[in-house]
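# Observations on the model geometry
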Amino acid sequence: MEAEANSGSPEDSWAFIQRPGEGCRTVPLAGHVGFDSLPDQLVNQSISQGFCFNILCVGETGLGKSTLMDTLFNTKFEGEPATHTQPGVQLQSNTYDLQESNVGLKLTIVSTVGFGDQINKEDSYRPIVEFIDAQFEAYLQEELKIRRLLHNYHDSRIHACLYFIAPTGHSLKSLDLVTMKKLDSKVNVIPIIAKSDAISKSELTKFKIKITSELVSNGVQIYQFPMDDEAVAEVNGTMNAHLPFAVIGSTEELKIGNKMVKVRQYPWGTVQVENEAHCDFVKLREMLIRVNMEDLREQTHSRHYELYRRCKLEEMGFKDTDPDSKPFSLQETYEAKRNEFLGELQKKEEEMRQMFVQRVKEKEAELKEAEKELHEKFDRLKKLHQDEKKKLEDKKKSLDDEVNAFKQRKTAAELLQSQGSQAGGSQTLKRDKEKKN
Amino acid sequence: MKKRQKKNGGSPMDPLRQSPSRSSSRASSPRTLPCEMLGYVGIEAVLDQLKIKAMKMGFEFNIMVVGQSGLGKSTMVNTLFKSKMWKSTMPGLGVPTPQTLQLQSVTHVIEESGVKLKLTVTDTPGFGDQINNDKCWDPILGYINEQYEHYLQEEILITRQRHIPDTRVHCCVYFVPPTGHWLRPLDIEFLQRLCRTVNVVPVIARADSLTIEEREAFRHRIQENLKTHGIEVYPQKCFDEDINDKILNSKIRERIPFAVVGADREHIVNGRCVLGRKTKWGIIEVENMAHCEFPLLRDLLIRSHLQDLKDITHNVHYENYRIFRLNESHVLPRGPGWVNLAPAPASVPAPAGPQANPSPPKVGGWAKDNSDEEC
């Protein structure tokens, strides 16, 4: 039991540690130390943090998605019932706070509205994939922040996707195949046969076999319950064979025997939801909640999210190893990109500034033109005005001249007239005299 | 649902860069509707699932013991984990006292009731042993920051491992020599710098040389010293989440620093086999609360607060380091404190300190920058 002492020479300032390799010794304990309380400490920590679980229900209208959620969690989830008036596929998300003994669960249920209602269903899967990606993106953004609050972050990534298959009894629809194929690399897909009280037992077995073979032949990877832990391997193994589960949902209760059970009543009989002989609902609840909830969350984080993150970062141009294999290349590439971006911004700013200057010049020129024109107009008017004035003055002058002349003539005439009248008087006298003579 | 949240601000004298706020709201949480379940659903089974997963993965814990030689650090570690982590050095047996500070690290896997714990203990022989102990905390800070750097680089890889190996130091136990007076300047300097980077638990070493009254007086003086210099030791007051935590942690804070005695020999006392130190005037039982406070230390470190130590390291200290690191890279692509983990082909002697070793060159530089920044 010797310590791995560092045999550096005394001149070594602080010779560094031997990094302990993978094969470290197991040391026996001489007494009770007490760290077997560690799992409990961890659990207490998780309890105070709370859990969150997000389920996505994908299925055509009328397959009983909301009812199944109500039945699974033994409650009536309030939420506005979906209006099916919008064209295209919508996703409706509601979050609920559930509490059971000391465990608090923040449950988010996302449902597709209008899936499969369109005439052209080619793009029906797109809103769903975009939604899932948006949740991953939000988490990635938070993780890449400098000041981040990851332990406080409400995880909205979808942990389980329940795909509702219509109980036709024959095979999967092509819409189902295409959608599941698009979703299988992004989320844990659990296909279930909805409203399975419409299928008889023999048809059901054939249907299940057909579905599984179609999924396999199309390469759709649905979620397999984990079998690496001995405690649950057996249970999960048997359950894996029963996939996809045929479920029925109901919130109506009836007293059978001395218990209230959830049932669906028909004239020909009563279907009990929690009866394993009638449907696989109990299996679904076991697997989804009681046995594998943690595994679903972990798969989402360590497989699907990591895949998304890798693709996204590679798309943005980051690499792990450069030709020089610099270790911190993520940061440097980021830095380079940032500089590039800033450079572009500056260029754009310059461009805009130049454009602005040019515009101003143009406008200025225009204004100058207008000013010149105005001046010219003003000059012309002034000249016109002067001309008119001159004309008028000339006229006035000539008029004055005429008046003067007239006046002169008038005085002359008057003079003449007065002389003439005198003379005329004498004249008239003379004439009168002559007449008399 | 309570969470620890970091709040920005705080004076430059704050030992912790960020202290969490009182509120427990989640950032960006959606509007939630409370629902009541009418029957048993089985959600609490997730706790068992967590436990199974944790037991399968095993736990990791990294502890560092710092103190002058001869204070019983190695013995203490052996006593804590009831196993021979390493040979406790006896003075004068031919083991040369290290001339300079060397960090030694040893990893063992211990198992108890199915719980596997990978324990790494880092010892610091030579700390404070020189005549001139200036900047003797640099190698230690450098080591701690190097672990953070490792983790950061693993975390920012494109293709990451499923479980990043955690070598970050979760707890640093600082051994105060039992002078009985007050904290020495070396202690204060060291504690001031370290409590910002790592969880520090100071203990009074070799407490069997002090009587009970002397211990109490010493403890009070140390607490005064800590308060005067603004040193926040674990459990930090600002991370108490609710009233229960506060009550529990206040009780612990009253007794910090614990007066401990370490022993790895067993003796028979009253028919029982106990760990203890045998002296001419009696046997000091390590696990007897009347003799020393070792059980308190053990309970704090292992039985009740181990997960909490790891959480604070991950959520606060590591995040602080990450912020500092990412901010710094924006100023210079490779700052003077950048740790080059690629094998350095031709090492350049860094202007770290008089005792800098060419390889690795820049970690010393890092520590220097750190202390420059904090001055």
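Keep in mind that what you see is a predicted model, and the values were worked out from it rather than measured.

## Looking at the overall build of chain A
- From N to C terminus, chain A includes nine helices and 10 strands.
- Relative to its full complement of 437 residues, chain A shows a buried share of 40%.
- Residue pairs in contact within chain A that sit at least 24 positions apart in sequence constitute 66% of those at least 6 positions apart.
- For chain A, the accessible surface area stands at approximately 25,800 Å², while carbon and sulfur atoms represent 53% of it.

## Observations regarding the overall build of chain B
- Counting its regular elements, chain B contains nine helices and 12 strands.
- Accessible area of chain B: about 16,400 Å², with a carbon and sulfur share of 56%.

## A word on the nonpolar core
- Ranked by internal contacts, the top residues of the largest apolar core, which has 91 residues, are Met64(B), Phe81(B), Phe127(B), Ile140(B), Leu194(B) and Leu301(B).
- Among the nonpolar cores identified, the runner-up in size contains 86 residues, and Ile128(A), Ile193(A), Met239(A) and Ile289(A) belong to it.

## Details of unusual backbone geometry
- For the bond from Leu243(A) to Pro244(A), the omega torsion is -10°, close enough to zero to count as cis.
- The linkage connecting Tyr234(B) with the following residue, Pro235(B), adopts the cis geometry, with an omega of -5°.
- Summarising the element assignment, Pro235(B) is placed in the loop between helix H5 (212-228) and helix H6 (243-255).
- In this structure, Ser101(A) is a non-glycine residue whose phi angle is positive, near 45°.

## Considerations on the pairing of strand S10 (residues 266-269) of chain B
Residues and elements named next belong to chain B.
- Burial of the side chains of S10 is restricted to one face: His267 and Val269 are buried, whereas none of Glu266 and Ile268 on the reverse face is.
- Inspection of the sheet shows S10 paired to strand S11 (residues 272-279) by four bridges, in the antiparallel sense. Bridge assignment links His267 to a residue of S11, and that residue is Val274.
- Turn length for the S10-S11 hairpin, with the two strands adjacent in sequence and antiparallel, is two residues, and the turn residue Asn270 shows positive phi of about 50°.

## Description of the sheet that holds S10(B)
All names here are of chain B.
- Read across the sheet, three strands follow the order S10-S11-S12 without closing on themselves; strand pairing throughout is antiparallel. Taken across any chain shown, the strands that pair with only one partner, and hence form the sheet edges, are S10 and strand S12 (282-285). Each strand of the sheet is rotated relative to its neighbour by a mean of 65°, with strand direction disregarded.

## What to know about the packing of helix H3 (residues 138-155) of chain B against helix H4 (residues 185-194) of chain B
All names here are of chain B.
- Remark: H3 packs on H4, axes separated minimally by 11 Å, with the N-to-C direction vectors making an angle of 15°. Classified by the angle their axes make, H3 and H4 are roughly parallel. In this structure, the crossing between H3 and H4 has a hand that is right-handed. Residues Ile140, Leu141 and Ile144 of H3 lie in contact with H4, whose contacting residues are Phe190, Arg193 and Leu194.
- When grouped by side-chain class, the residues that make up the contact of H3 with H4 number five nonpolar, no polar and one charged.

## Description of the packing of aromatic side chains
Residue and element names in this part refer to chain A.
- A complete count under the given rule lists 14 aromatic pairs over all chains for this structure.
- When the ring of Phe136 is compared with that of Tyr308, the centres are 5.4 Å apart and the planes differ by 35°; the resulting orientation is tilted. Placement of the pair is Phe136 in helix H3 (residues 125-144) and Tyr308 in helix H8 (residues 293-315), with a sequence separation of 172 residues.
- The class of Phe136 is buried, set by a relative accessible area of 1%.
- Overall, the relative accessible area of 12% leaves Tyr308 in the buried class.
- Between Tyr139 and Tyr153, the ring centres sit 5.5 Å apart and the planes meet at 70°, which makes this aromatic pair edge-to-face.

## Details of a nonpolar patch on the surface
All names here are of chain A.
- The grouping of Phe341, Leu342 and Leu345 at the surface amounts to a nonpolar patch, some 290 Å² of accessible area in total.
- Residue position: Leu342 is located in helix H9 (residues 329-436).
- The class of Leu342 is partly exposed, set by a relative accessible area of 40%.

## With respect to the sheet that holds strand S5 (residues 104-112) of chain B
- The seven strands are arranged S1(A)-S5(B)-S6(B)-S4(B)-S7(B)-S8(B)-S9(B) in an open sheet whose pairing can be described as mixed. Two strands close off the open sheet at either side, each with one partner strand: strand S1 (25-26) of chain A together with strand S9 (258-259) of chain B.
- Relative to S5(B), S1(A) runs parallel, the two being bridged by two bridges. Note on S5(B): the bridge partner recorded for Arg25(A) is His108(B).

## Quick look at the confidence of the model for chain B
All names here are of chain B.
- Averaged over every residue, the pLDDT of chain B is 75; the share at 70 or more is 76%.
- The low-confidence segment residues 1-27, where pLDDT is below 50, has 86 contacts with residues more than four positions distant or belonging to other chains.
- Note that residues 331-375 has pLDDT below 50 and, in this model, 58 contacts with residues that lie over four places away or in other chains.
- Predicted as a complex, the structure gets a pTM of 0.72 and an ipTM equal to 0.73.

## Some thoughts on the pattern of salt bridges
- In total, this model carries 42 salt bridges over all chains according to the counting rule given.
- Notably, a salt bridge pairs Glu143(A) with Arg160(B), separated by 3.0 Å at the nearest N-O pair. With Glu143(A) in helix H3 and Arg160(B) in the loop between H3 and strand S7 (171-176), the pair connects residues from two separate chains.
- Exposure remark for Glu143(A): the relative accessible area of 6% places this residue in the buried category.
- Classification of Arg160(B) as buried rests on a relative accessible area of 14%.
- Between Asp155(A) and Arg157(A) there is a salt bridge, with the nearest N and O atoms lying 2.8 Å from each other.

## Digging into the environment of Gly67(B)
Residue and element names in this part refer to chain B.
- You can see Gly67 is positioned in the loop between strand S4 (59-66) and helix H2 (73-80).
- The class of Gly67 is buried, set by a relative accessible area of 0%.
- Along the primary structure Gly67 and Val106 are separated by 39 residues, whereas in three dimensions their C-alpha atoms are 17 Å apart.
- If sequence neighbours within four positions are ignored, Gly67 has contacts with Lys73, Thr124, Phe127 and Phe175.

## Brief notes about the packing of H8(A) against helix H1 (residues 45-57) of chain B
- Running from N to C, H8(A) and H1(B) point in directions that differ by 60°, and their axes come no closer than 8 Å. Our classification of the angle between H8(A) and H1(B) gives oblique. Along the contact surface, H8(A) presents Met293(A), Glu294(A), Asp295(A) and Glu298(A), while H1(B) presents Val46(B), Gln49(B), Leu50(B) and Lys53(B).
- Broken down by class, the residue content of the contact of H8(A) with H1(B) amounts to three nonpolar, one polar and four charged.

Definitions and cut-offs
Residues numbered from 1 in each chain as written. Chains lettered and ligands numbered in written order. Predicted model: local features only at pLDDT ≥ 70, side-chain atom pairs only at ≥ 80, totals over all residues. Heavy atoms only, no water. Helix = DSSP H or I, 4+ residues; strand = E, 2+ residues; numbered from the N terminus. Buried < 20%, exposed > 50% of the residue type's maximum accessible area, 1.4 Å probe, protein only. Contact = heavy atoms within 4.5 Å. Areas by Shrake-Rupley, 256 points an atom, 1.4 Å probe, with all protein chains shown as cover. Core = buried A, V, L, I, M, F, W, Y, C linked by side-chain atoms within 4.5 Å. Pairing = 2+ DSSP bridges. Axes fitted to C-alpha atoms, helices over the stretch in contact; angles between N-to-C directions. Parallel < 35°, antiparallel > 145°, perpendicular 65-115°, else oblique. Left-handed = near helix turned anticlockwise from the far one by under 90°. Nonpolar A, V, L, I, M, F, W, Y, C, P; charged D, E, K, R; others polar. Phe/Tyr/Trp six-rings, centres within 6.5 Å; stacked < 30°, edge-to-face > 60°. Patch = residues over 30% accessible without salt bridge, like charges linked within 9 Å, V, L, I, M, F, W, Y side chains within 5 Å. Salt bridge = Lys/Arg side-chain N within 4 Å of Asp/Glu carboxyl O. pLDDT = per-residue confidence, 0-100.

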